[in-house]
Amino acid sequence: MSSPILVALDLESAEEAIRLAAQLEPVVGGFKIGLELLMGPGPGTIGALVRLGKPVFVDAKLHDIPNTVRRASRQIGRAGARWLTVHASGGADQLEAASEGLAEGAGGGQAGILAVTVLTSLTDADLAKTGITGTAGKQSARLAKLAAGHGAEGVICSVKELGVIAEVAPALVRVTPGIRPVGVGADDQKRVATPEDAYARGADWLVIGRAITRADDPRVAAEVINESLTGDSVVYARSQLNRED
Ligand code: C5P
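Residue indices follow the written sequence of each chain, beginning from 1 at its first position. Since the coordinates come from a predicted model, pLDDT governs what is reported: local features require at least 70, and pairs of side-chain atoms require 80 or more to be given and counted, while whole-chain, interface and lining totals use all residues. Hydrogens and waters are ignored; side-chain quantities use all the structure's heavy atoms.

Enquirer: Would you mind going over the site of the ligand with me for this structure?
Expert: Proximity is defined per residue: any heavy atom of the residue falling within 4 Å of a molecule or strand makes that residue near it. For the ligand, the full set of nearby residues is Ala 8, Asp 10, Lys 32, Lys 61, Thr 120, Pro 177, Arg 180, Gln 189, Val 207, Ile 208, Gly 209 and Arg 210. In the model, an oxygen atom of the ligand is placed 2.9 Å from a nitrogen or oxygen of the Lys 32 side chain. Residue-level accessible areas treat just the shown protein chains as cover; the underlying method is Shrake-Rupley with a 1.4 Å probe. When the ligand sits alone it has 470 Å² of accessible area, and the protein chains cover 84% of it. Counted as a polar contact is a pair of N or O atoms within 3.5 Å, where, for protein atoms, one must be capable of donating a hydrogen and the other of accepting one, and residues adjacent in sequence contribute only when both atoms are in side chains.

Have a look at this one:
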């Protein structure tokens, strides 16, 4: 089994991120670069990661008018990103502009949009203050459906939402953050799940940051997680999932 781990390289320095990525490359599925590296060292870091030979997920969380999003996505496609995040709440035209722009930039290379539905930092009460009534789960499902119909390849969702998203948008690739192996502290994450639980419930990719990057030996930490996903109960649970693919 190839590793479903996307390591979140949430570090200030590009050199440090690339050194760590090179160390982890043989045992993980790919890398995630977020706003900290994009706003500091800059988007040049994407190319350096791409050259390691694993898919690179650019977590830029774009949200703007379609023309601007198209042009930004094209640049990220040119840099070699495999995935790019866009807020689904930016609407259908923005989602389509993002996937078209990314594909143009990728020039025939494989690349796709991952839609952000409702940030896991928002509660139902926070959403109500923005005028959205109903639960975060319902809103996530609504936005996932919209994303699936307008060019997104996948969706970022919490483990809690995996089931409902599989129901309303079964073709979407499901990428899950907020992962903590047993014994690792939750830090600022509120709704955490173990890698085994996320994978057993149908996540395609697990975004894992600090549980690996802050481990005494990051490579060993990733290997232990990979190993945990091959257990009988996880393999059985996945075989029971009702999947379209
Ligand atoms: O260190 P940790 O494993 O908590 O890192 C999780 C990564 O996933 C971070 O880069 C964070 O920004 C990202 N993320 C998240 N929750 C979301 C979307 C992205 O934790 N809903």
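On we go.
Enquirer: Can you walk me through the pairing of strand 5 (residues 112-116) in this structure?
Expert: Consecutive residues of a regular strand have side chains that alternate between opposite faces of the sheet. Under the scheme applied here, a residue whose accessible area is under 20% of the maximum for its type counts as buried, over 50% as exposed, and between as partly exposed, the area being computed with a 1.4 Å probe on protein chains only. By definition, any uninterrupted DSSP run of H or I lasting at least four residues is a helix, any uninterrupted run of E lasting at least two residues is a strand, and each is numbered from the N terminus. Judged by how many residues are buried, strand 5 sits mostly within the fold: five of five residues are covered. Strands are labelled as partners when DSSP assigns at least two bridges between them. When strand 4 (residues 83-87) meets strand 5, the two strands line up parallel, connected through five bridges. Paired with Trp 83 across the strands is Gly 112, a residue of strand 5. Assignment of crossover handedness uses the view with strands pointing away from the viewer, where a clockwise path from the first strand over the helix to the second indicates a right-handed crossover. In this region the chain leaves strand 4, passes through helix 5 (residues 92-106) and returns to the parallel neighbour strand 5; the handedness of that crossover is right-handed. Here strand 5 runs beside strand 6 (residues 154-156); their pairing, made up of three bridges, is parallel. Paired with Val 116 across the two strands is Ile 156, which belongs to strand 6.

Enquirer: Help me out: how do you make sense of the nonpolar core in this one?
Expert: One recurring pattern in soluble globular proteins is that nonpolar side chains are buried together. Formed by 59 residues in total, the largest nonpolar core has its most connected members in Leu 9, Leu 24, Val 58 and Leu 84. Setting aside anything within four residues of it in sequence, one finds Leu 9 in contact with Ala 17, Leu 20, Ala 21, Phe 31, Lys 32, Leu 37 and Leu 49. The nonpolar core is taken to be a set of buried Ala, Val, Leu, Ile, Met, Phe, Trp, Tyr and Cys residues, with the residues joined through side-chain atoms within 4.5 Å. With 11 residues, the next largest nonpolar core counts Leu 114, Val 175, Trp 205 and Val 207 among its residues. We call two residues in contact when some of their heavy atoms are within 4.5 Å.

Enquirer: So what exactly am I meant to see when it comes to the packing of helix 1 (residues 14-24) against helix 11 (residues 218-228) here?
Expert: Working note: a packed helix pair is described by the angle between its axes plus the distance between those axes. At a minimum axis distance of 9 Å, the contact between helix 1 and helix 11 shows a crossing angle of 45°. The orientation of helix 1 with respect to helix 11, classified from their angle, is oblique. Relative to helix 11, the crossing made by helix 1 is right-handed. Contact with helix 1, carried on its side by Leu 20, Gln 23 and Leu 24, involves Pro 218, Arg 219 and Ala 222 of helix 11 and no other residues of that element. As a working rule, the residues Ala, Val, Leu, Ile, Met, Phe, Trp, Tyr, Cys and Pro are called nonpolar, Asp, Glu, Lys and Arg charged, and the rest polar, with Gly in that last group. Looking at side-chain class alone, the contact of helix 1 with helix 11 contains four nonpolar, one polar and one charged residues. Here an angle of 0 to 180 degrees is reported between the N-to-C directions of two axes, which are lines fitted to C-alpha atoms, with helices fitted over the stretch in contact. Convention used here: angles under 35 degrees read as roughly parallel, angles over 145 as roughly antiparallel, angles from 65 to 115 as roughly perpendicular, and any remaining angle as oblique. Left-handed describes a crossing whose near helix is turned anticlockwise from the far helix through less than a right angle; right-handed describes the clockwise counterpart.

Enquirer: Please clarify how the packing of aromatic side chains should be interpreted in this entry.
Expert: Aromatic rings considered in pairs are described by the distance between their centres and by the relative angle of their planes. In summary, the pairing rule links any two rings of Phe, Tyr or Trp, Trp by its six-membered ring, whose centres are within 6.5 Å, and it sorts them by plane angle into stacked for under 30 degrees, edge-to-face for over 60 and tilted for everything else. According to the stated counting rule, one finds one aromatic pair in the structure shown. Throughout this description, the term charge over a ring refers to an Arg CZ or Lys NZ atom that lies within 6 Å of the ring centre and within 35 degrees of the ring normal. Above the face of the Phe 57 ring, Lys 32 is positioned so that its terminal group lies 5.9 Å from the ring centre. The positively charged end of Arg 238 is found above the aromatic ring belonging to Tyr 199, 3.8 Å away from the centroid.

Enquirer: Looking at this structure, how should I read the pairing of strand 7 (residues 173-176)?
Expert: Every second residue of strand 7 is oriented toward a common face, with Val 173 and Val 175 on one face and Arg 174 and Thr 176 on the other, all of them buried. Both strand 6 and strand 7 contribute to a ladder of three bridges, which runs parallel. Residue pairing in the sheet places Val 155 in a bridge with Arg 174 of strand 7. The handedness of the strand 6 to strand 7 crossover, carried by helix 8 (residues 162-168), is right-handed. By the bridge criterion, two bridges tie strand 7 to strand 8 (residues 205-208) in an arrangement that is parallel. Bridging across to strand 8, Val 175 finds its partner in Trp 205. Handedness of the crossover joining strand 7 and strand 8 through helix 9 (residues 195-200): right-handed.

Enquirer: Is there a simple way to think about the environment of Asp 10 in this case?
Expert: When you line up the elements, Asp 10 lands in the loop between strand 1 (5-8) and helix 1. Residue class for Asp 10 comes out partly exposed when judged on its relative accessible area of 44%.

Enquirer: Sorry if this is basic, but what is going on with helix 7 (residues 136-149) here?
Expert: Each full turn of the α-helix corresponds to 3.6 residues, which orients residues three or four apart in the same direction. Under the convention used throughout, the expected extent of a helix is 1.5 Å for every residue step, that is, one less than its residue count. Under the 1.5 Å per step criterion, the end-to-end length of helix 7 is 20 Å for 14 residues, consistent within 8% with the ideal 20 Å. For helix 7, every residue scored as buried is listed here: Ala 136, Gln 139, Ser 140, Ala 141, Leu 143, Ala 144 and Ala 147. Contacts made by the buried residues of helix 7 are with helix 5, strand 5, helix 6 (124-129), strand 6 and helix 8. Looking at the residues trailing helix 7, positive phi occurs at Gly 151, about 95°.

Enquirer: Just checking my understanding: could you explain the pattern of salt bridges for this structure?
Expert: If charged atoms from side chains of opposite charge come close, those side chains can pair. We count a salt bridge whenever a side-chain nitrogen from Lys or Arg sits within 4 Å of a carboxyl oxygen from Asp or Glu. For the structure shown, the criterion picks out nine salt bridges. Arg 82 is the salt-bridge partner of Glu 153, the closest N and O atoms lying 2.9 Å from each other. Residue Glu 153 is located in the loop between helix 7 and strand 6, and its partner Arg 82 is located in the loop between helix 4 (66-78) and strand 4; the two are separated by 71 residues in the primary sequence. On the accessibility criterion, Arg 82 (12% relative accessible area) is buried. With a shortest N-O distance of 3.8 Å, Arg 219 and Glu 223 are connected by a salt bridge. Separated by four residues within a single helix, Arg 219 and Glu 223 lie in helix 11, roughly one turn from each other. Among the residues examined, Glu 223 registers a relative accessible area of 35% and is labelled partly exposed. One salt-bridge network, held together by shared partners, links Arg 70, Arg 74, Glu 100 and Glu 104.

Read these as geometric descriptors, not functional statements.
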